[in-house]
Amino acid sequence: MDNANLFQLGIGLATGTQAEDFKRGDCIGHNNSLEQKAELVLVSDKARDDYFIQRGGKIFAGTHLIIEVVNGNGLDDEGLIETAFRRCVDECGATLLHIHTHKFSPQGVSGVAILAESHISVHTWPEIRYGAFDVFMCGDAQPWNAVAVLEEIFETGDVRVREILRGDGVVAGML
């Protein structure tokens, strides 16, 4: 693979916290020891910031909301998308690490906000006034607070939400 192809894949780019993550030595990867992988058992340890959530008798990694903004305004405005991401982060009590957006021609925006707690992403089809958002957050963050933000910013009362409890049942036998 030549350097141009590696660049297109994003390999070797020093952006965000990517380089720091690989230098820390505590991320779980194919080169890490079994001892580091065994740390996953500690998911319920309240002293850690990345603990699983316990709610309604379930233990899960985080809440993933699939949010559809229907009949929205401003879905072709890259700056407004970034504003929406920042407001969602603030209202949900999350920690923003990085935002990246891309404006398409003739219309549409895709973007992602990388959070310490996971991510928010979007793909828009402004020609039909539709935006597909994902809001996935772990820990103490409150992803449901993003719904009202998106309703307000994109000026619509038609926001449809589906919730997925990521990791539901994965660690129940480990605790």
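Residues numbered from 1 in each chain as written. Predicted model: local features only at pLDDT ≥ 70, side-chain atom pairs only at ≥ 80, totals over all residues. Heavy atoms only, no water.

Colleague: Looking at this structure, I do not really get the packing of aromatic side chains. What am I missing?
Modeller: Aromatic ring pairs are defined here through the distance separating the ring centres and the angle between the ring planes. On inspection of all chains with the given rule, the structure shows two aromatic pairs. Summarising the aromatic geometry, the rings of Trp125 and Tyr130 are spaced 5.5 Å apart at their centres and angled 40° between planes, so their arrangement reads as tilted. Given the relative accessible area of 37%, Trp125 is considered partly exposed. Across the ring face of Phe136, the terminal group of Arg166 is positioned such that the distance to the ring centre comes to 5.3 Å. (Phe/Tyr/Trp six-rings, centres within 6.5 Å; stacked < 30°, edge-to-face > 60°. Buried < 20%, exposed > 50% of the residue type's maximum accessible area, 1.4 Å probe, protein only. Lys NZ or Arg CZ within 6 Å of the ring centre and 35° of its normal.)

Colleague: Please clarify how the confidence of the model for the protein should be interpreted in this entry.
Modeller: Low-confidence regions, as indicated by low pLDDT, have predicted coordinates that should not be scrutinised in detail. Residues with a pLDDT of 70 or more make up 69% of the protein, whose mean pLDDT is 78. Residue range residues 1–43 is modelled with pLDDT below 50. Its contacts to residues more than four positions away, or to other chains, number 22 contacts. (pLDDT = per-residue confidence, 0-100. Contact = heavy atoms within 4.5 Å.)

Colleague: Even after reading the chapter, I still don't get the pattern of salt bridges, so can you show me in this structure?
Modeller: Oppositely charged side chains can form a pair if their charged atoms are brought close together. Evaluation of the coordinates by the stated rule reveals six salt bridges. The salt bridge partner of Glu68 is Arg162, with a shortest N-O separation of 4.0 Å. Residue Glu68 is located in strand β3 (residues 62–70), and its partner Arg162 is located in strand β8 (residues 158–166); the two are separated by 94 residues in the primary sequence. Accessibility expressed as a relative area gives 22% for Glu68, which makes it partly exposed. (Salt bridge = Lys/Arg side-chain N within 4 Å of Asp/Glu carboxyl O. Helix = DSSP H or I, 4+ residues; strand = E, 2+ residues; numbered from the N terminus.)

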